[in-house]
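Spelled out, the chains give:
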Amino acid sequence: MSDELRDHWSWRPGWRPGRIFYTWHVTFEDHPEIAGLRAAYAGLLDELPGFTPVPVQWLHLAVQGVGFADRVPKADLLDIVDATRLRVSGFGAVPVTVGPAVLDPESIRLQVDPAEPLRHLRDLTRAAMVDIWGDDAVPELPGLDPHITLAYSNSQSPAAATATRLTAHPAHSAKVSITALRLLALTRSDHLYHWTTSRTLPLEPAP
């Protein structure tokens, strides 16, 4: 763990207000267990200075970005969705344990384990993009560290006080089953990621 917290909301390359980004995520509107975890940490999140809590409807697990909407032709996006549907066919639901909360240099997050099935799911989404765009258009990225962010750091400050308070808070976790992958049209504003869902791919077992 770093000694310093970073401002998560500094603008990354390519991002600007109102710009839409297509991305594959897992979302949790159908998982009351995740809402329960959010509620279990709500008091702490609301009290911590320098953090913006994520409202329950915007909790998510990022899997794989596709690209900015103004750079991805609609025909390509539809082809990527179809290729992804074929790639994840028969993948099946993913049972995971979510939590407890840990401190990251830019967030307080719920770890999601085991990671390997979700890393494989990400590999399949990337392979689908390669199917349409070719190897050179899909750069290599660090391995997926699956997590659900509860709050984002919105300033630069020492981490020690936050780490101490989080360690002292009762630990909470829950078991859930991830049953769908969603293509989102995502934007960021006012220290918040929000989206509309473009496509939902159920993660169903092979017949």
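Residues numbered from 1 in each chain as written. Predicted model: local features only at pLDDT ≥ 70, side-chain atom pairs only at ≥ 80, totals over all residues. Heavy atoms only, no water.

- Going by an unreviewed UniProt entry, the protein carries the name 2'-5' RNA ligase and comes from Kribbella solani.

1. What to know about the packing of aromatic side chains
Part 1: Taken as a whole, this structure holds 7 aromatic pairs when the rule is applied.
Part 2: Consider the rings of Phe 21 and Phe 68, whose centres lie 5.0 Å apart with planes at 70°: the pair is edge-to-face. Separated by 47 residues along the polypeptide, Phe 21 in strand S2 (residues 21-27) and Phe 68 in strand S4 (residues 60-68) bring together distant segments of the chain.
Part 3: Its relative accessible area of 18% is what places Phe 21 among the buried residues.
Part 4: We classify Phe 68 as buried; its relative accessible area is 13%.
Part 5: Above the ring of Phe 68, the side-chain terminus of Arg 19 is found at 3.9 Å from the ring centroid.
Part 6: The cationic tip of Arg 188 hangs over the ring face of Trp 11; the distance from NZ or CZ to the ring centre is 4.3 Å. (Phe/Tyr/Trp six-rings, centres within 6.5 Å; stacked < 30°, edge-to-face > 60°. Helix = DSSP H or I, 4+ residues; strand = E, 2+ residues; numbered from the N terminus. Buried < 20%, exposed > 50% of the residue type's maximum accessible area, 1.4 Å probe, protein only. Lys NZ or Arg CZ within 6 Å of the ring centre and 35° of its normal.)

2. A look at the pattern of salt bridges
Part 1: All chains considered together, the criterion is met by 12 salt bridges.
Part 2: Between Asp 70 and Arg 16 there is a salt bridge, with the nearest N and O atoms lying 3.3 Å from each other. Remark: Arg 16 occurs in the loop between strand S1 (4-5) and S2 and Asp 70 occurs in the loop between S4 and helix H3 (74-88); sequence separation between them is 54 residues.
Part 3: Taking relative accessible area as the criterion, Asp 70 reaches 47% and is therefore assigned partly exposed.
Part 4: Take Arg 16: its relative accessible area is 44%, and that puts it in the partly exposed class.
Part 5: Each of Arg 6, Arg 12 and Glu 106 takes part in one network of salt bridges that share partners. (Salt bridge = Lys/Arg side-chain N within 4 Å of Asp/Glu carboxyl O.)

3. A few points about the pairing of strand S7 (residues 147-153)
Note on strand geometry: in a regular strand, side chains alternate between the two faces of the sheet.
Part 1: Taken across its 7 residues, S7 has 6 buried, putting it largely inside the fold.
Part 2: Relative to S7, strand S3 (residues 51-53) runs antiparallel, the two being bridged by 3 bridges. Note that in S7 the partner of Thr 52 across the bridge is Tyr 152.
Part 3: In terms of strand pairing, strand S6 (residues 107-113) meets S7 through 5 bridges, oriented antiparallel. Residue Leu 110 lies in a different strand from S7, and its bridge partner there is Ile 148. (Pairing = 2+ DSSP bridges.)

4. Considerations on the layout of surface pockets
Part 1: Taken as a whole, the largest pocket holds about 1300 Å³ of empty space.
Part 2: In this structure, the largest pocket is lined by 43 residues; those nearest its centre are Phe 21, Thr 23, Ala 62, Gly 65 and Arg 122.
Part 3: Those elements giving two or more residues to the lining of the largest pocket turn out to be S2, S4, S6, helix H4 (116-133), S7 and strand S10 (180-188).
Part 4: Top element by residues in the lining of the largest pocket is S4. It accounts for 9 residues.
Part 5: Classifying every residue of the lining of the largest pocket gives 22 nonpolar, 11 polar and 10 charged. (1 Å grid on protein atoms, 1.4 Å probe; cavity = no way out; pocket = protein on both sides within 12 Å on 5 of 7 lines; lining within 4 Å. Points joined across faces, edges and corners; volume = space filled by probe spheres on them. Nonpolar A, V, L, I, M, F, W, Y, C, P; charged D, E, K, R; others polar.)

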